[in-house]
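Residue-level structural notes
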Amino acid sequence: MARLDSAVGLMQDISLISLISYETQSFNSETCLIEDVVLKLKHGNDEEFRVALWGLRDFIKNQTIDKEWINDEGVIPILFNRLGSIKPHSRLTIIQILRILASVNNENKEKMADVGSLSLLVKSLIREVDERREAVGLLLELSEISAVRRRIGRIQGCIVMLVAMLNGDDPTACHDAGKLLIALSSNIQNALHMAEAGYFKPLVHYLKEGSDMSKILMATAISRIELTDQSRASLGEDGAIEPLVKLFKAGKLEAKLSALNALQNLSMLTENIQRLISSGIVVPLLQLLFSVTSVLMTLREPASAILARIAQSESILVNQDVAQQMLSLLNLSSPVIQFHLLQALNSIASHSRATKVRKKMKENGAFQLLLLFLTETNMKNRTAALNLLYTLSKDLPEELMEQLGEYHLNNIVNIVSSSTSEGEKAAAVGILNNLPVGNKKATDVLKKSNLLPILISIISSSESTSTPTTSWLMENIAGIFIHFTVPSDKKLQLLSAELGVIPLLVKLLSSGSLVAKCRAATSLAQLSQNSLALRKSRKSRWTCMPHSAEAFCEVHDGYCIVKSTFCLVKAGAICPLIKILEGEEREADEAVLDALATLLQDEIWESGSNYIARMSVSKAIIKVLESGNAKAQEKALWILERIFRIEEHRTQYGESTQVVLIDLAQNGDPRLKSTVAKVLVQLELLQDQSGYF
């Protein structure tokens, strides 16, 4: 039975092979029965259909058949009928044959122009490379018919696929897709769909040369589409901004509004800001904000938002008095517009070349105007006002107390205490930090307002994850601690220590930003300056109770308790201080070296040198000498000279420092020569009578 089945199968294979062989021979022969091709095109299985396609292609090439036969036999509908269900290789052949037929005459194109046929071709746009290349080529040929252009644009996903092909790697398909998109863009709706798909050139073309209504439609589309930065960049590069600005300047109310909303969306990209400034939009925007015409009031919010974005560019400073004009508008505007104006003013005042602008703003009463916002219930506006006050207050620390007064200082402290916004707290603390260090009147007000416990609570409860706003807040708090740790006021230092400031300062040395580390080191240096005077001598008889061995400090040669003597050794500050010096960033070097230098005061230089040498400070000192600035190098040399007074340390660390010291002597800042020479003499690398002195 098995043999019989096998025999039957073999006979079928032989028959099929014979059929294919016969048909192939027949197609190459003039005696071929054309009717067989039609029959197999209509009803043949996949293999028979494939062979019939070869035959049909040969007939067409050899002109064995004419257009009447193609029409009579319904070849084009037959091919489209099989296109949706046949295998990929045959689909490719079908489309190639259809392209040949389409190129012969317009009548054939008309037969391919129905929605069903076009939809089948659109499906091929997402298939394999060869198939989609042929499909887009055929669609391009068919697009010569206006009805086809209308129908293609309405087929779901077609424009998206064409845009994808335009951005693809196949140069032929890319070229044809681009030409087809241009053909389809004659329809406004298609141009809008292209924009949604990320192809903006037709939209920009309508903005430049379209009717008034089409310009409004395009502008509205830009305002409503969720643009990526890449899309905003494309629109800017394609030239969308200039016609939008023209539409805003010359158009009627609807045109102005649509243009402003579109420009607001485009202004979210920094690269477009310069294009906006170059377009000359700043003056018309300000004129609009000053306008009292009721019909234009709806335009003021987007106008102010655009100004806020434009103000981020330093180029806005070419428009003289722009800041003063915005300042004069603050009291005349709604809360939303006020917010944008405050943002714009802060951006302008923050520019490095805006010194004169800031000065003029203060002369024109900016402080008095902004202080009114401290009691504002709108938190966004209050925060924006605080940010601007912070920026302006950096230039005038000596005048700041007079400008603020006790009333407003207390208002700012209340904001620090009660605000739920980290950004608002950071700005408020920043203003207080800009008060001059050592101004007793200001510090007394802050002390009475219980600012210190508030700040300690904030920093103690801060999470380990750091955002830019959190970092700024911590930096400003660290700055305030400098005010409360000035060496001249031991009572204030004691208050700070008793409240727990010192462990927080040590924590900032490890976890804070570089600015926070620098400020924390400065506070610790100020505290440590008084440690020697405050330590309890082990020789003193006047002690109420005996001290534990743990409290003894080898550096200060007495008993040290962090909260009462501010000892850096007992606070565990030395390791994190040295670690900062070992890092790659150099901005905190001077503050850290100042803190370490307090352990090398004349009375304790020997014990201090032994201690920090044992903590491996030499590597950190070398790092500063290699890449620090001149002031930091000078401080590092001062410390090194004290350490090298002790022979043991010269022996242990002298060799590792020789190279950097000699290089510094030869190539370093001339002001350091004598200090470097002293250290080289200690290491016996230079004689005492050397000309370096």
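Every chain is numbered on its own, with residues counted from 1 as its sequence reads. Reporting in this predicted model follows two pLDDT cut-offs: at least 70 for local features of residues, and 80 or more for side-chain atom pairs to be given and counted; totals over whole chains, interfaces and linings ignore these cut-offs and use all residues. To obtain the side-chain values, all non-hydrogen atoms of the structure were included, while hydrogens and water were left out.

Time to look at the overall build of the chain. Scanning the chain for helices and strands turns up 44 helices and three strands. The globule rule puts the C-alpha radius of gyration for 693 residues at 26 Å, and the 41 Å found for the chain is more than 25% above it. Its C-alpha atoms give the chain principal-axis dimensions of about 130 × 80 × 60 Å. Relative to its full complement of 693 residues, the chain shows a buried share of 52%. Two residues qualify as a contact provided that any one of their heavy atoms is within 4.5 Å of a heavy atom in the partner residue. Taking contacts inside the chain between residues at least 6 apart in sequence as the whole, the part at least 24 apart equals 68%. Per-residue and other accessible areas follow the Shrake-Rupley method at a 1.4 Å probe size, with only the shown protein chains counted as cover for residues. Per element, the accessible surface of the chain, about 33,600 Å² overall, is 50% carbon and sulfur. His is not counted, nor are the chain ends; Lys and Arg add positive charge and Asp and Glu add negative charge. The atoms used to mark charge sites are NZ of Lys, CZ of Arg, CG of Asp and CD of Glu. Averaged over its 73 positive side-chain charges, the chain has a centre that lies 7 Å from the centre of its 76 negative ones. Helix and strand definitions follow DSSP, with helices as H or I runs of at least four residues and strands as E runs of at least two, each counted in order from the N terminus. Within these notes, the globule rule equals 2.2 Å times the number of residues to the 0.38 power, and the radius of gyration is based on C-alpha atoms. Relative accessible area decides the class of each residue, using a 1.4 Å probe on protein chains only: under 20% of the type maximum gives buried, over 50% gives exposed, and in between gives partly exposed.

The next thing to look at is the side chain of asparagine 272. Following the sequence through the fold, asparagine 272 ends up in helix α19 (residues 270–278). Not counting chain neighbours up to four residues away, the residues in contact with asparagine 272 comprise Arg232, Gly236, Ile241 and Leu266.

Attention now moves to the state of the cysteines. Put simply, a disulfide is two cysteine sulfurs that come within 2.5 Å. Within the structure shown, the criterion is met by zero disulfides. Of all cysteine sulfurs, the one in cysteine 567 lies closest to cysteine 553, which takes part in no disulfide; the gap is 3.8 Å. A relative accessible area of 1% means that cysteine 553 is categorised as buried. Free of any disulfide, cysteine 575 has its nearest neighbouring cysteine sulfur in cysteine 567, separated by 13 Å. Given the relative accessible area of 46%, cysteine 575 is considered partly exposed.

We now examine unusual backbone geometry. Unlike most non-glycine residues, asparagine 450 shows phi in positive territory, near 60°. Relative to the elements of secondary structure, asparagine 450 occurs in the loop between α29 (440–448) and α30 (451–461). Given a relative accessible area of 48%, asparagine 450 falls into the partly exposed group.

Once that is clear, we can look at the pattern of salt bridges. Note on definitions: salt bridges are taken to be side-chain nitrogens of Lys or Arg within 4 Å of carboxyl oxygens of Asp or Glu. Tallying each qualifying case throughout the model produces 24 salt bridges. Here aspartate 602 and arginine 642 are joined by a salt bridge, their closest N and O atoms 3.0 Å apart. With aspartate 602 in the loop between α39 (589–597) and α40 (605–614) and arginine 642 in helix α42 (residues 630–643), this pair connects stretches of sequence that are 40 residues apart. Take aspartate 602: its relative accessible area is 56%, and that puts it in the exposed class. Salt bridges linked by common partners bring Arg91, Arg127 and Glu131 together as one network.

Here the focus is the sheet that holds strand β3 (residues 558–559). Whether two strands pair depends on DSSP finding at least two bridges between them. Taken in spatial order, the three strands make up an open sheet running β1-β3-β2, and their pairing is antiparallel. In the strand order of this sheet, the two ends are held by β1 (536–537) and β2 (552–553), each with one partner. Both β2 and β3 contribute to a ladder of two bridges, which runs antiparallel. Its bridge partner being in β3, cysteine 553 is matched across the sheet by glycine 558.

Let us look at the side chain of serine 609. Mapped onto the secondary structure, serine 609 falls in helix α40. Overall, serine 609 belongs to the buried group, its relative accessible area being 0%. We define a polar contact as two N or O atoms separated by no more than 3.5 Å, with the added condition that, inside protein, one atom must be a possible hydrogen donor and the other a possible acceptor, whereas residues neighbouring each other in sequence contribute only through side-chain atom pairs. Within the structure, the side chain of serine 609 is placed 2.7 Å from the backbone oxygen of tryptophan 605, a separation counted as a polar contact. In this structure, serine 609 is in contact with Leu600, Arg642, Ile643, Ile646 and His649, ignoring residues within four places of it in sequence.

With that settled, the discussion passes to helix α34 (residues 514–528). Since the α-helix turns once every 3.6 residues, residues separated by three or four places project in the same direction. Under the convention used throughout, the expected extent of a helix is 1.5 Å for every residue step, that is, one less than its residue count. Over its 15 residues, α34 runs 21 Å from end to end, which matches the ideal 21 Å to within 8%, given 1.5 Å per residue. Burial analysis of α34 places eleven of its 15 residues in the buried class, the great majority of the element. What α34 keeps buried is the set Leu514, Ala516, Lys517, Ala520, Ala521, Ser523, Leu524, Ala525, Gln526, Leu527 and Ser528.

In this section: the environment of tyrosine 390. Looking at the secondary structure, you find tyrosine 390 in helix α26 (residues 379–393). Along the sequence, tyrosine 390 and valine 429 sit 39 residues apart, while their C-alpha atoms lie 8.9 Å from each other. For tyrosine 390, the residues in contact, after removing those within four places along its chain, are Ala427, Gly430, Ile431, Asn434, Trp472 and Asn476.

Turning our eyes to something else, we now look at the packing of aromatic side chains. What counts as a ring pair is set by centres within 6.5 Å for rings of Phe, Tyr and Trp (its six-membered ring), and what kind of pair is set by the plane angle: stacked under 30 degrees, edge-to-face over 60, tilted for all other angles. On inspection of all chains with the given rule, the structure shows two aromatic pairs. A ring pair is formed by phenylalanine 552 and tyrosine 559, whose centres lie 5.8 Å apart and whose planes are at 75°; its orientation type is edge-to-face. Definition used: whenever NZ (Lys) or CZ (Arg) falls within 6 Å of the ring centre and also within 35 degrees of the ring normal, the charge is taken to sit over that ring. Of note, lysine 256 hangs over the ring of phenylalanine 248, and the distance from its end group to the ring centre comes to 5.4 Å. The ring of tryptophan 605 is capped by arginine 645, whose NZ or CZ atom sits 5.0 Å from the centre of that ring.

Time to look at the environment of alanine 255. Along the chain, the position of alanine 255 falls in helix α18 (residues 253–266). Classification of alanine 255 as buried rests on a relative accessible area of 6%. C-alpha separation for the pair alanine 255 and leucine 244, spaced eleven residues apart in sequence, amounts to 9.2 Å. Here alanine 255 is in contact with Ile216 and Leu247, once residues within four sequence places are set aside.

Side chains of nonpolar character tend, in soluble globular proteins, to be buried together. By convention a nonpolar core is built from buried Ala, Val, Leu, Ile, Met, Phe, Trp, Tyr and Cys residues, the set being connected through side-chain atoms within 4.5 Å. Membership of the largest hydrophobic core comes to 177 residues, with the highest contact counts inside it found for Met326 and Leu432. Every residue in contact with methionine 326, bar those within four places of it in the chain, is listed here: Leu286, Leu307, Ile316, Leu341, Ala344, Leu345 and Ile348.

Residue placement: leucine 307 occurs in helix α21 (residues 300–310). A relative accessible area of 0% means that leucine 307 is categorised as buried. Separated by 33 residues in sequence, leucine 307 and histidine 340 have C-alpha atoms that sit 7.6 Å apart. Ignoring any residue separated from it by four or fewer positions in sequence, one finds leucine 307 in contact with Val282, Leu285, Leu286, Leu289, Met326 and Ala344.

All right, on to the confidence of the model for the chain then. Detailed reading of the predicted model is not advised wherever pLDDT is low. As a per-residue measure, pLDDT tells how confident the predictor is, with possible values from 0 to 100. On average, residues of the chain score 89 in pLDDT, and 92% of them are at 70 or above. Low pLDDT, under 50, characterises residues 1–32; the stretch is placed with 14 contacts to residues that sit more than four places away or in other chains. Note on residues 541–545: pLDDT under 50 across the span, and zero contacts to partners over four residues away in sequence or across chains.

Let us now look at the packing of helix α3 (residues 46–61) against helix α5 (residues 75–83). Fitting a line to C-alpha atoms yields each axis, with helices limited to the stretch in contact; the angle taken between N-to-C directions then spans 0 to 180 degrees. Where α3 contacts α5, the axes come no closer than 13 Å and their chain directions differ by 140°. The angle between α3 and α5 falls in the class oblique. Judged by the sense of rotation from one axis to the other, the crossing of α3 with α5 is left-handed. Listed contacts from α5 to Asp46, Phe49, Leu53 and Leu56 of α3 are Val75, Leu79 and Arg82. Throughout, the ten residues Ala, Val, Leu, Ile, Met, Phe, Trp, Tyr, Cys and Pro are labelled nonpolar, Asp, Glu, Lys and Arg are labelled charged, and all others, Gly among them, are labelled polar. When grouped by side-chain class, the residues that make up the contact of α3 with α5 number five nonpolar, no polar and two charged. With respect to orientation, any angle under 35 degrees is reported as roughly parallel, any angle over 145 as roughly antiparallel, any angle of 65 to 115 as roughly perpendicular, and every other angle as oblique. In this scheme, a crossing is called left-handed if the near helix is turned counterclockwise away from the far one by less than a right angle; it is called right-handed if the turn is clockwise.

For the rest of this paragraph, the subject is helix α28 (residues 422–433). The end-to-end C-alpha separation of α28 is 16 Å, in line with the 16 Å expected for twelve residues at 1.5 Å each. Where burial is concerned, most of α28 is hidden: eleven out of the twelve residues are buried. Summarising the contacts, the buried residues of α28 are in contact with α26, α27 (397–418), α29, α30, α31 (468–483) and α34. In this structure serine 421 caps α28, since a side-chain oxygen of it lies 3.3 Å from the backbone nitrogen of glycine 423.

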